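As a plain string of letters, each chain reads:
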Amino acid sequence: MTSTVWPQMDYQDYSQLSPPEMGPRPSLLPFLADHHLPYIVPAIVYWVTSFIFHYIDTRGLLSACKLHTPAEDLTKNRATKTNVIKFALFQQACQCTLGYLMAAEEHFVSHKYAIAVWAQRIRYGEIWAIQWMRYLGLELAWIANDSKGFGSGFSAPFIQDIYGSNIGNLSQVVQPQTVMVPITFSAWELITAKSFYWIFVPLFQYISVMVLADTMQYFTHRAFHVNKWLYKHIHSMHHDIYVPYAYGAFYNHPLETIPIDMVLFPMCLAIAQLDNRQATIFGAIWTFKTVVDHCGYDFPYNPCNVVCPHSVLFHDLHHQTWGMKHNFSVYGSFWDRLMGTHWSPFDERAQEKYKRGKVTAETSAAKKKLREKAPAMVAGNSTAVEI
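This is a predicted model, so every value here is computed, not measured.

K.L.:
How do you make sense of the nonpolar core when you look at a structure like this?
P.N.:
Side chains of a nonpolar character, in soluble globular proteins, are inclined to be buried together. Of all hydrophobic cores here, the largest spans 24 residues; its most connected members are Tyr46, Phe53, Val84, Tyr297 and Phe299. When residues of this core are traced back to their parent elements, those giving at least two are α1 (37–58), α3 (81–102), α9 (276–293) and α10 (311–318). The element best represented in this core is α1, accounting for three residues. One finds Met216, Leu269, Ala272 and Tyr331 within the second-largest nonpolar core, a separate group that totals 16 residues.

K.L.:
It is not clear to me how the side chain of Gln92 should be interpreted in this structure. Could you clarify?
P.N.:
With respect to the secondary-structure elements, Gln92 resides in helix α3. Once residues within four sequence positions are removed from consideration, Gln92 is found in contact with Ala43, Tyr46, Trp47 and Phe250.

K.L.:
Which parts of the structure should I look at to understand the environment of Ser333?
P.N.:
Take Ser333: it is sitting in the loop between α10 and α11 (334–339). Taking the C-alpha atoms as reference, Ser333 lies 9.6 Å from Ser311; in sequence the two are 22 residues apart. Contact partners of Ser333, with chain neighbours within four places excluded, come to Phe314 and His342.

K.L.:
What exactly am I supposed to notice about the packing of aromatic side chains here?
P.N.:
Aromatic ring pairs are reported here in terms of the distance separating the ring centres and the angle at which the planes meet. Per the stated rule, a full pass over the model turns up 22 aromatic pairs. Centroid distance Tyr46 to Phe250: 4.4 Å. Interplanar angle 20 degrees. Geometry classified as stacked. Of this pair, Tyr46 sits in helix α1 while Phe250 sits in the loop between α7 (228–233) and α8 (254–271), and the two are 204 residues apart along the sequence. Phe250 shares its class with Tyr46; the two are buried.

K.L.:
Would you explain the UniProt feature "transmembrane region" (unreviewed entry) in the chain in this entry?
P.N.:
Taking the numbering used here, the UniProt-annotated feature "transmembrane region" (unreviewed entry) corresponds to residues 36–56 and 195–213. Secondary structure content for residues 36–56 is 95% helix and 0% strand, and the end C-alpha separation is 31 Å. Helix makes up 100% of residues 195–213 and strand makes up 0%, while its end C-alpha atoms are separated by 26 Å.

K.L.:
Hey, could you run me through the side chain of Gln217 in this one?
P.N.:
Within the secondary structure layout, Gln217 lies in helix α6 (residues 187–226). Looking at Gln217, the relative accessible area reads 16%, which means it is buried. In this view, Gln217 contacts Arg222, Ile260, Trp286, Phe328 and Val330; residues no more than four positions away in its chain are not counted.

K.L.:
Explanation requested: unusual backbone geometry in the structure shown.
P.N.:
Excluding glycine, most residues fall at negative phi; most peptide bonds, likewise, are trans. Residues other than glycine seldom take positive phi values, yet Gln273 does so here, at roughly 60 degrees. Mapped onto the elements of the fold, Gln273 is located in the loop between α8 and α9. With a relative accessible area of 62%, Gln273 lands in the exposed category. One non-glycine residue, Tyr301, lies in positive phi territory at about 60 degrees. Looking at where Tyr301 falls in the secondary structure, it is placed in the loop between α9 and α10.

Rules used in this analysis
- Residues numbered from 1 in each chain as written.
- Predicted model: local features only at pLDDT ≥ 70, side-chain atom pairs only at ≥ 80, totals over all residues.
- Heavy atoms only, no water.
- Core = buried A, V, L, I, M, F, W, Y, C linked by side-chain atoms within 4.5 Å.
- Buried < 20%, exposed > 50% of the residue type's maximum accessible area, 1.4 Å probe, protein only.
- Helix = DSSP H or I, 4+ residues; strand = E, 2+ residues; numbered from the N terminus.
- Contact = heavy atoms within 4.5 Å.
- Phe/Tyr/Trp six-rings, centres within 6.5 Å; stacked < 30°, edge-to-face > 60°.
- UniProt positions renumbered as here; feature names shortened; annotations may be inferred.

Structure, rendered in C-alpha cells:
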C-alpha cells in the first residue's frame, strides 16, 4: 500500500524562517493613516446615523414605529436639543484629541509569515496528539497508509518522518525514530492555518471585546445609578432626556465620558488585542448601536436586534423615570438577567406605565397650551375694555 501523497506549498516551516521582518502595512485610505481611523470613523457613523433618524423624525416617517408622542417630547425632556448637540460635539472633540495624541503606527509581519506561524502551531498539535496516542498504546504507522480515513487528518510527510520511510511493513516498526520537522507544510495544515488567521482568531477577538465592553458598561452604568452622588452630579445629565432621540446618545457629563469612553473602552480594545482596523470596525458598530438604541423608533429588521432582542425598547425602558434601575447593558441582557436588573418592555406593568405616561403627557401638554393662551386672552380683554 502506498503512502498518502500530500500537495506541498511554498510556505516554509516556521522553524526554518529567518527572524520576522516587521513593518507598517499600506493604509486603507491614501489620505489618512490607519491609526487615525478608530476615533474618526465612529464619529462619522454617529452623525450620519443621527442625521438619518432626524430626517425620519422631521418628515414624519415611520410614525407607526415611534415609541413616544410629541406631547411626551414636549413635557418630559429637560435638555434642549441645542445643548445636546453642543455636548455631543464636545465629547467627540475630546475623544478625537486624545485619539490623535495617543495614535501610533502599527507594525506587522507579512500575512504569509503569520500563516506559517499558525501552521507550525498546528504541526506541534500533531506532535502532541501522536505522542499521546503512543502513550495510550495506539499504533499510528497505518495512518500514513490511510489516504481516505483517519490518516487524512494528519500530515503524511510528518508521520513518515516519525516512523521511517518503510511504513508499508508494520512488523518492522518497533520504536519511533527521531522526529524530523519537514520544511514544507501540507495543504490541510495551511488551510487550517488560514482559517485560524483570517476567521477564528478575529471572531474570538470580537466576541472577547464585546464581552469585555458590555461587562464594563453594565457595572459602570449601574454604579452611576446606584451611587446617589454620582447620579445626582454626573449621570443625571444624560437622563435629562426621558424621550430619547438619536443624537442624544452622547449627551453625557465630561466626568462620565472621560473614564468610560476615553479610558476603559480603549482598555477593552487593547485587552482583546484588536489592531487599528479591527478597533475601527468595533467602534463603528458600538457607536451605531448606541445611536440606534436612543433613536426612539422600534422599526422592523433592526440589525441591533441580532445581539439584543428588541434593542430600542430594552434601552428606552431604562430612560423612563420608573425604569432607571433596570436594563443597564448594551449588548444583550446577560448581566441584567444575572444581576436581577432585567425588565422586559413587554411586561404588563411596563406596558401599563407606558400608557399612563402618555396620558399624563397629553394632559400636561394641554394645560401648558392653556397657560400660554391665558396672557393673550387677558391682553385682548383689556384692549376691548379700553375701547
